[in-house]
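Below are the chains, spelled out letter by letter.
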Amino acid sequence: MDRLLPLVKGEFDRLNKYNLFTANFVVLLLWVGMVSFFEGAELKMFVPVIFLMDSTMMTILLVGATLFYEKQEHTMNSIMVSPVTEDEYLLSKVIVSVLNSLITVVFISAALYFIKGVTYNYLLLIPAIIVVTVVHSMIGIRLSYHAKSFSSLLVNFMVYIFVFLLPTVFATIGIIDEKIAKYLIVLPPDVSNILISALALDVEPWKLVFGYTYLTVLSFILYRFMIKPKFNEYVMRETGV
Amino acid sequence: MFKVRNLKFKYPNSKDYTIDGIDFEIQDGEIFGFLGPSAAGKSTTQKILIKLLKDFEGEIEYYGKPLLSYRDEFYQDIGVSFEMPISFSKLTAMENLEFFKKLYKQTVDVEPLLKRMGLWDDRDKKAGEFSKGMKIRLNFIRAMLNKPKMLFLDEPTNGLDPGNARIMKDMILEFKKQGGTVFITSHIMSDIDELCDRVAFIADGKLREVDTPRNLKIKYGKRTVKVEYKEEGNLIVREFSMDEIKTPAFFELLRDKDIETLHSGETTLEEIFIKVTGVTLRG
Ligand SMILES: Nc1ncnc2c1ncn2[C@@H]1O[C@H](COP(=O)(O)OP(=O)(O)OP(=O)(O)O)[C@@H](O)[C@H]1O
Ligand SMILES: [Mg+2]
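Throughout this description, residue numbers start from 1 for each chain and increase along the sequence as written. All chains are assigned letters beginning with A, and all ligands numbers beginning with 1, in the order in which they are written. In keeping with the model being predicted, local features are shown solely for residues with a pLDDT of at least 70 and side-chain atom pairs are shown and tallied solely at 80 or more, while totals for entire chains, interfaces and linings include all residues. To get the side-chain values, all heavy atoms of the structure are used, and hydrogens and water are removed first.

Peer 1: Got a minute to help me understand the site of ligand 1 in this structure?
Peer 2: Taken together, 15 residues lie near ligand 1, and Ser38, Ser43, Thr44, Glu83 and His187 of chain B sit nearest. Those residues lying near ligand 1 are distributed over chains A and B. By the criterion applied in these results, polar contacts are pairs of N or O atoms within 3.5 Å in which, for protein atoms, one can donate a hydrogen and the other can accept it, and in which residues neighboring in sequence qualify only through two side-chain atoms. Within the side chain of Glu83 of chain B, an N or O atom sits 2.5 Å from an oxygen atom of ligand 1. Within the side chain of His187 of chain B, an N or O atom sits 2.7 Å from an oxygen atom of ligand 1. When at least one non-hydrogen atom of a residue lies within 4 Å of a molecule or strand, that residue is treated as near it.

Peer 1: Explain the coordination of the magnesium ion (ligand 2) here, please?
Peer 2: Octahedral six-donor coordination of a metal ideally yields angles of 90 or 180 degrees, compared with 109.5 degrees for tetrahedral four-donor coordination. Residues and elements named next belong to chain B. Sodium, potassium and calcium take a 3.2 Å donor cutoff, other metals 2.8 Å, and in both cases only N, O and S atoms count; water is not among them, so sites may look incomplete. The protein atoms donating to the magnesium ion (ligand 2) are Ser43 (OG), Glu83 (OE) and Glu83 (OE), with metal-donor distances spanning 1.9 to 2.7 Å. A residue pair is termed long-range when its members are at least 10 positions apart, and Ser43 in helix H1 (residues 42–49) and Glu83 in the loop between strand S6 (78–81) and helix H3 (93–101) qualify at 40 residues. Exposure categories follow from relative accessible area, calculated using a 1.4 Å probe and restricted to protein chains: below 20% of the type maximum is buried, above 50% is exposed, and the middle band is partly exposed. Look at Ser43 and you get buried, because its relative accessible area is 14%. Only runs of H or I of at least four residues qualify as helices and only runs of E of at least two qualify as strands under DSSP, and these elements are numbered from the N terminus.

Peer 1: I keep staring at unusual backbone geometry and nothing clicks. Help me out?
Peer 2: Negative phi characterises most residues that are not glycine, and trans characterises most peptide bonds. Unusually for a residue other than glycine, His74 of chain A sits at a positive phi of about 60 degrees. Position of His74 of chain A among the secondary structure elements: in the loop between helix H3 (40–72) and helix H4 (75–80). Residue Glu232 of chain B is not a glycine yet carries a positive backbone phi of 50 degrees. For Glu232 of chain B, a relative accessible area of 78% corresponds to the exposed category.

Peer 1: I keep staring at the side chain of Glu155 of chain B and nothing clicks. Help me out?
Peer 2: Residue and element names in this part refer to chain B. With respect to the helices, strands and loops of the structure, Glu155 is situated in the loop between strand S7 (150–154) and helix H6 (162–177). Glu155 sits in the buried class, given a relative accessible area of 7%. A polar contact is formed between the side chain of Glu155 and the side chain of Asn158, at a distance of 3.2 Å.

Peer 1: How should the pairing of strand S8 (residues 181–185) of chain B be read in this particular structure?
Peer 2: Each regular strand carries side chains that alternate between the two faces of the sheet. Residue and element names in this part refer to chain B. Judged by how many residues are buried, S8 sits mostly within the fold: 5 of 5 residues are covered. The side-chain alternation of S8 yields two buried faces, one formed by Thr181, Phe183 and Thr185 and the other by Val182 and Ile184. In short, DSSP must find at least two bridges between two strands for them to pair. Pairing of S7 with S8, which is carried by 5 bridges, proceeds in the parallel orientation. Bridge assignment links Met150 to a residue of S8, and that residue is Thr181. Between the parallel pair S7 and S8, the chain is carried across by H6, and the sense of this crossover is right-handed. Looking down the strands as they point away from you, a crossover is right-handed if its path from the first strand over the helix to the second goes clockwise.

Peer 1: Could you clarify how one ought to interpret the sheet that holds strand S12 (residues 234–241) of chain B in this entry?
Peer 2: Strand pairing in a sheet relies on backbone hydrogen bonds, with the paired strands running either antiparallel or parallel. All names here are of chain B. The strand order across the open sheet built from 3 strands is S12-S11-S13, with neighbouring strands paired in antiparallel fashion. Strand pairing shows two members of the sheet lacking a second neighbour, S12 and strand S13 (258–264), which therefore form its edges. Strand-to-strand twist across the sheet, computed as the mean angle between neighbouring axes with direction ignored, equals 20 degrees. Bridge count for strand S11 (residues 224–231) against S13 is 6 bridges, and the pairing is antiparallel. Paired with Tyr229 across the two strands is Ile259, which belongs to S13. Between N-to-C directions, angles cover 0 to 180 degrees, with each direction set by a line fitted to C-alpha atoms, over the stretch in contact for helices.

Quick look at the structure:
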């Protein structure tokens, strides 16, 4: 694991040089801009949405973008013939995602405090952000395996959102029976939403316990069975090198 | 250091074996050339030897142990330059090298390498703004970054101007002098002739020859001497076998005639390539 630190540093360096940080920052400014339109109870509902979107959607997009660049420039091949192991490489992607989400937490929380004087339970927020980001960085990696280009990554992402959000939407408008709707907590966007909403709403404790356990176990399963075994094949696919 | 036995490899989507049962050894301290027509599987073989393609059949031993039993220590030992130059396009040459440097236990000072390869003044330029030859030179430096014991070079001089190709070849020869081992592929036969201790020819997934360039030239060459001389204004060409040149007839010819050229029938690697692989050279 000696290489983890230089990998993480290198990744941040490249997020900067490839202008992905700038893109991320623009999105953060947009969130701050939107925050100023809300007050009181509405604001309380809106804040979790920011963190949910950032730790799910932005995570997938950022991880996807870095993988896309490394695939396109074949630098992935160069890294894989250095002493870096697959675990180190993949782990560095996850760590960078988590750090990015935490930067968002600090930035948005500071903005909310200074603009609106709003504070909330940071101790409930941070662990939620970490598990949600870990799972979604893995989903991002997995979606990239199937993507031929950045736009097809976006399409995969839309399909993912559609498939997993649709049941929740159906439940809300009553198409899905309430008894079944209860089980929707096994869908990653749903459980992510519950964990992050805890910063503003009262969530039943069993849901939190279930949510943390479930996302942790899901991360291990995704990594062990869906990310790691297919990584070499992904690196070697269509390399003209 | 490498022992390859009955190596076979097939890409997931193809039905035929790209590599169809080949055997060879690479000795410590030699430069081993891997030749063959385009699409014969040279780059594929390199990718197998550097553990990028792992689903092969047969056995590959590195220092007496199966190649796949090695972990990151194998990569501490080797330097690779791929067929296409690879770098982070938005990082400068120096930033590219610094990033890779941090991944190794042992590294060299890049300044002398950059200077020798003529990239020192461009070290702060983005790699994406490099010319093709500059990218190739940068890749070669990256391969040398970790003081490797062995270099894998896939067509390293392809796309270089003669001056830079000369410098790179000198560096490869110096690397060997200091005890390094090299696996190299190239379509430039004069480079191979100059650099390689032994060469292997691959065609249709099989090895056709593995030997020293000298032995191959003797094997495929004609043991003759060809003399061109002028006689009464006419150009005359005569060929003597190696036995005939010991006879007075040959000496008298040399003494009495105006000799224009004198050639032994030794063949070139290029001719051997065409004979062995049954294909003409690309480009
Ligand atoms: N990633 C890949 N997937 C499927 N087939 C591949 C892949 N890479 C190479 N091949 C096929 O394997 C064969 C050998 O390719 P390889 O790149 O090893 O040739 P080469 O000897 O290096 O040729 P060249 O001299 O043109 O570089 C070719 O038929 C090629 O189409
Ligand atoms: Mg090749």
